[in-house]
Structures are given as C-alpha cells and as structure tokens.
Amino acid sequence: MGYLNNQIGYPNDILTSRAIIKKDNYAIIPPNGVVCNIIPGFTDCNVTILSTPKLGASFVDYLVTLQNEGGNMAGFGGGKIECFVYVIEGSMIAYSDNEEHNLTQGGYLYCPAGVTMRFKNNNKGQPSKLFLYKRVYEPTEGHKAHVVCSNVNNLPKINYEGMHNVHLQDLLPKDLGFDMNMHILTFQPGASHGYIETHYQEHGAYILSGAGMYNLDNDWVPVKKEDYIFMASYALQAGYAVGDQEFSYIYSKDCNRDIEL
C-alpha cells in the first residue's frame, strides 16, 4: 500500500494499483504506492515527488508531510524559480526571504522568482501536510510578480462559468506579472464541468475532498480525496462529483503568456 498509510512489508493480497501513467498526456497518482524521497534541504519530512518534466510537466509538484519540527529552512525556490505552498492539514511558519507568515489549514504562500521560501512545522508536535509547487518563471516586460500570502477561507467563491453548484477560488491575482495561478474548484454533489475542455494550459491537481469521475483524454477514471492528477497540454479534461460530498481540488495553471516559437 505504501508509506503514507504505513502499510508496508509483506503484502496480504495480490499487488494492484489505481495509478495510471501516460507520459506527456495524463496521470493519476493515488496515495497507495508512492514512495518517500530524500531531498537536500528537507529535514524530518516525508516528501513525495509528483509531476516532473520526466512525466511531461513544465513544473514540479510535491506532497510533503512535516514531522515534529521538520521543514526546509535551507531555502526552496529563489533565483529563476517561483514557488507556492498550500497547507492541506496542520499549521506551519513560512518565510518569504525574511518576512514571517503563520499558515494554518487552507493557508498558502507564493514566492516569486528571486525570493527564497523557507518553512517549518508549527503544529504542536503533530504532522502537517503540504502541497508544494515550483516552476521556472517566465518574465514579461513591464510586469512583475510579488509575494502573496492568504487563506482560502478569506477568498470569495465564484460561480464557475455561471453554474451555481460549481465554485472557483483564485488564489493568486489576475495580473500579467504572474505567469501561473492556483485555483480551488469545488463541485456540489452531482455537479460537473459544462463541457469537456481542450486547451494549451497544463494542470497539476490534488484532490482535497470527495470523489468524482474524471475524463482524461476521453478515458473516464474514478478519483477521490488524496489522489493527484496531472493533465498535459491539450489533454481532454472534465469531471463531475459522485456521492453525497463536495468534490474539490486545488490545481495549478500556466497563464498570461504568449507562445514562444
């Protein structure tokens, strides 16, 4: 099953997996089966690497569990790298260069290129779970990104494309200084996208609650809380909620830039 649920050692059944990996197209990565990575700078952390350029992404996503006083105080991002962290569970102290931020569940911090992020657990000895992202920033003349720190509980829920039972939250400004955004999309039970999307932008999505069916390149795949989805450029995509709970996920999107030839 894997380290996340502490089911390791001898199996008691045949080996199976819900994971689907189609490089440069799409991927479903459930929590069962992922491994713990040792990465310089991360101390007392369990780190799972999700999307990477080897999968076909222009970014890297991680699932990080901070143990005890664990974190990354050596520095994450900086230079040409922009980065983003979202607190799924627990609480932590984060820094954008020397500015301190206290983040609880639903809290997030974006650091633009040139600003180094650092963070450590602040959950009274209990673990904290993070969704972490990095990407090479694409500058554009006359515009610049800036540090953003907030909590999703402070953000409005917008009716997604006019639908009252699908809500969107924009975590970053709609500003040309930003070459990406993070969103949370929430479907009420039975709600769906209005159509199957086909577009240039790529996504990395972590499911925060509920369950759904997702169309990925016209394959309908069941997904649920704690699954991760990668959607490459032009991968067909749409979803709908199943069951009696909200189906919600946080996802990245590249935006605000023309195509380089």
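Look a little higher up for the structure.
The residue count restarts for each chain, going from 1 along the sequence in the order it is written. Restriction of local features to residues with pLDDT of at least 70 applies here, the model being predicted, together with a cutoff of 80 or more for giving and counting side-chain atom pairs; totals for whole chains, interfaces and linings are based on all residues. Hydrogen atoms and water are omitted, and side-chain values are computed over all heavy atoms in the structure.

**Focus on the overall build of the protein chain**
Logical step 1: Scanning the protein chain for helices and strands turns up 0 helices and 20 strands.
Logical step 2: The globule rule used for comparison is 2.2 Å times the number of residues to the exponent 0.38, while the radius of gyration itself is calculated over C-alpha atoms. The C-alpha radius of gyration computed for the protein chain amounts to 18 Å, which stays within 12% of the reference 18 Å derived for 261 residues, consistent with globular compactness.
Logical step 3: Its C-alpha atoms give the protein chain principal-axis dimensions of roughly 50 × 45 × 35 Å.
Logical step 4: Looking at the 261 residues of the protein chain, the share that counts as buried comes to 50%.
Logical step 5: Of the contacts made within the protein chain by residues no fewer than 6 positions apart, 68% connect residues no fewer than 24 positions apart.
Logical step 6: Areas reported as accessible are Shrake-Rupley estimates using a 1.4 Å probe. Residue values count occlusion only from the protein chains shown. With an accessible surface of roughly 12,800 Å², the protein chain has 50% of that area assigned to carbon and sulfur atoms.
Logical step 7: When charges are counted, Lys and Arg are positive and Asp and Glu negative, with His and the chain ends excluded. Think of each charge as sitting on NZ of Lys, CZ of Arg, CG of Asp or CD of Glu. Between the mean site of the 18 positive side-chain charges and the mean site of the 27 negative ones, the protein chain shows a separation of 4 Å. Secondary structure follows DSSP: runs of H or I at least 4 residues long count as helices, runs of E at least 2 residues long count as strands, and numbering of each begins at the N terminus. Exposure classes here rest on a 1.4 Å probe applied to the protein chains alone. A residue is buried below 20% of its type maximum, exposed above 50%, and partly exposed in between. Note on contacts: a residue pair is in contact if any heavy atoms of the two residues lie within 4.5 Å.

**Considerations on the sheet that holds strand β19 (residues 237-242)**
Logical step 1: Across the sheet, which stays open at both edges, the 3 strands sit in the order β17-β16-β19 with antiparallel pairing between neighbours. This sheet does not close on itself; its edge strands, each paired only once, are β17 (219-224) and β19. Adjacent strand axes in the sheet meet at a mean angle of 25 degrees, parallel and antiparallel pairs treated alike.
Logical step 2: In this structure, strand β16 (residues 211-216) lies alongside β17, joined through 6 bridges in antiparallel fashion. Pairing between two strands is assigned when DSSP locates at least 2 bridges connecting them. Axis definition: a line fit to C-alpha positions, over the contact stretch in the case of helices; interaxial angles, taken between N-to-C directions, run 0 to 180 degrees.

**As for empty space enclosed by the protein**
Logical step 1: Site definitions follow a grid-based scheme: protein atoms alone, a 1 Å grid, a 1.4 Å probe that fits but cannot get out for cavities, and for pockets an open set with protein on both sides within 12 Å along at least five of seven lines, plus lining residues having an atom within 4 Å of a point. Grid points are joined across faces, edges and corners, and a volume is the space filled by probe spheres set on the points. Under the counting rule described, the total for this entry stands at 1 cavity of 30 Å³ or more.
Logical step 2: There is about 60 Å³ of room inside the largest cavity.
Logical step 3: Every residue along the wall of the largest cavity is listed here: Leu 4, Ile 29, Pro 30, Pro 31, Val 34, Thr 48, Leu 50, Leu 63, Tyr 206, Glu 226 and Tyr 228.
Logical step 4: Each residue is assigned to one of three groups, with Ala, Val, Leu, Ile, Met, Phe, Trp, Tyr, Cys and Pro labelled nonpolar, Asp, Glu, Lys and Arg labelled charged, and all others, Gly among them, labelled polar. Each residue belonging to the lining of the largest cavity can be placed in one class, and the counts come to 9 nonpolar, 1 polar and 1 charged.

**Examining the pattern of salt bridges**
Logical step 1: Salt bridges are identified by distance alone: a Lys or Arg side-chain nitrogen within 4 Å of an Asp or Glu carboxyl oxygen. One pass over the structure, following the stated rule, counts 7 salt bridges.
Logical step 2: For Lys 22, the salt bridge is made with Asp 219, and the minimal N-O distance between the two is 3.1 Å. Of the two residues, Lys 22 sits in strand β1 (residues 20-22) while Asp 219 sits in strand β17, which places them 197 residues apart along the sequence.
Logical step 3: Its relative accessible area of 28% is what places Asp 219 among the partly exposed residues.
Logical step 4: For Arg 135, the salt bridge identified is with Glu 82, shortest N-O distance 3.7 Å. Pair noted here: Arg 135 is in strand β10 (residues 128-136) and Glu 82 is in strand β5 (residues 81-89), with a separation of 53 residues, a long-range link. Each member of the pair, Arg 135 together with Glu 82, is buried.
Logical step 5: A cluster of three or more residues bridged by salt bridges with shared partners is formed by Glu 82, Arg 135, Glu 138 and Asp 179.

**Brief notes about unusual backbone geometry**
Logical step 1: The backbone of Asp 217 shows a phi angle near 55 degrees, a positive value even though the residue is not glycine.
Logical step 2: Its place among the elements puts Asp 217 in the loop between β16 and β17.
Logical step 3: Asp 217 gets classed as partly exposed once you look at its relative accessible area, which sits at 34%.
Logical step 4: The phi dihedral of Asn 256 is positive, around 65 degrees, even though this residue is not glycine.
Logical step 5: Structurally, the position occupied by Asn 256 is in the segment after β20 (247-254).

**Brief notes about the pairing of strand β7 (residues 99-104)**
Logical step 1: Sheet topology places strand β6 (residues 91-96) next to β7; 6 bridges connect them, and they run antiparallel. From the neighbouring strand, Met 92 faces β7, where its bridge partner is Leu 103.
Logical step 2: In this structure, the hairpin formed by β6 and β7 is closed by a connection of 2 residues, where Asp 97 is found at a positive phi of approximately 55 degrees.

**Observations concerning the side chain of Asn 25**
Logical step 1: One can find Asn 25 in the loop between β1 and β2 (26-29).
Logical step 2: The contact partners of Asn 25, leaving out residues within four places of it in the chain, are Asp 217, Phe 230, Met 231, Ala 232 and Ala 235.

Take it as geometry only, folks, not as evidence of what the structure does.
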